[in-house]
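Inside the fold
Each chain, letter by letter, is given below.
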Amino acid sequence: METDPLRRPHRLHSHRHRCSAKTMRTKPVLCTDPVASFDYFTMNLALGGKAVQSSTYIYPTLAAAQNAVDGNRQSISMLGSCNVTNGDMNPWWRVDLLDVYRVTRVSITNRGDCCEKRIEGIQIRIGNSLENNGNNNELAATVGPIPLGNTKTFEFKPIKGRYVNLFLPGRNEFLTL
Ligand SMILES: [Ca+2]
């Protein structure tokens, strides 16, 4: 198995996850909301990453970008564990994994209280560039329908990168995870 010379598993183990070891072995992508994993150890790289977004809805705490990687999959937006942008054109959300990894899957939990179609068309983009806020990085997958409050995992060939973007091009939308 090819390994990534840039990986730092010890640092990851020290602060990156709240999942128990048992949970990580048996349900590697069910520990939190959006999850990025890579193919040597399966772990939740997104948890503990630093998230930002194109804008934040009027309730800055309830709608904060970091809520999408807080380890809590509560999908009722008003309970404060989802991110929400304003309804701008081309909204985006990005998590900085704080190091470069070979990312092989991303799991996304849709909002559970309304508006299930808002998530459709989101592009998962991964790479090391911050050009266009990271939205020009390699396209890993495009999100289709996800039922209210459900989680879908997207698997793809390994893509090396530090940034994982969820980018919704071409329409005015509230981007919520
Ligand atoms: Ca959350």
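In case you missed it, the structure is sitting above this.
Fair warning: this is a prediction, and the values are worked out from it, not measured in the lab.

What counts and how
- Residues numbered from 1 in each chain as written.
- Predicted model: local features only at pLDDT ≥ 70, side-chain atom pairs only at ≥ 80, totals over all residues.
- Helix = DSSP H or I, 4+ residues; strand = E, 2+ residues; numbered from the N terminus.
- Buried ≥ 20, exposed ≤ 12 C-beta atoms within 10 Å, placed from the backbone.
- Contact = placed C-beta atoms within 7 Å.
- Core = buried A, V, L, I, M, F, W, Y, C linked by C-beta atoms within 7 Å.
- Pairing = 2+ DSSP bridges.

1. Digging into the overall build of the protein
A tally of regular secondary structure across the protein gives two helices and eight strands. Looking at the protein residue by residue over its 177 residues, the buried ones come to 41%. Long-range pairs, those at least 24 residues apart, make up 71% of the contacts in the protein between residues at least 6 apart in sequence.

2. Details of the nonpolar core
The tendency in soluble globular proteins is for nonpolar side chains to be buried as a group. In this structure, A68, W93, I126, V164 and L166 are the most contacted members of the largest nonpolar core, which totals 33 residues. A total of eight residues in this core trace back to one element, the largest contributor, which is strand 4 (residues 92-109).

3. Some words on the pairing of strand 7 (residues 151-167)
Note: strand 4 against strand 7, 13 bridges, orientation antiparallel. Across the sheet, W93 pairs through a bridge with L166, a residue of strand 7. Where strand 5 (residues 123-127) and strand 7 come together, five bridges link them in antiparallel fashion. If you follow Q123 over to strand 7, its bridge partner there is F167.

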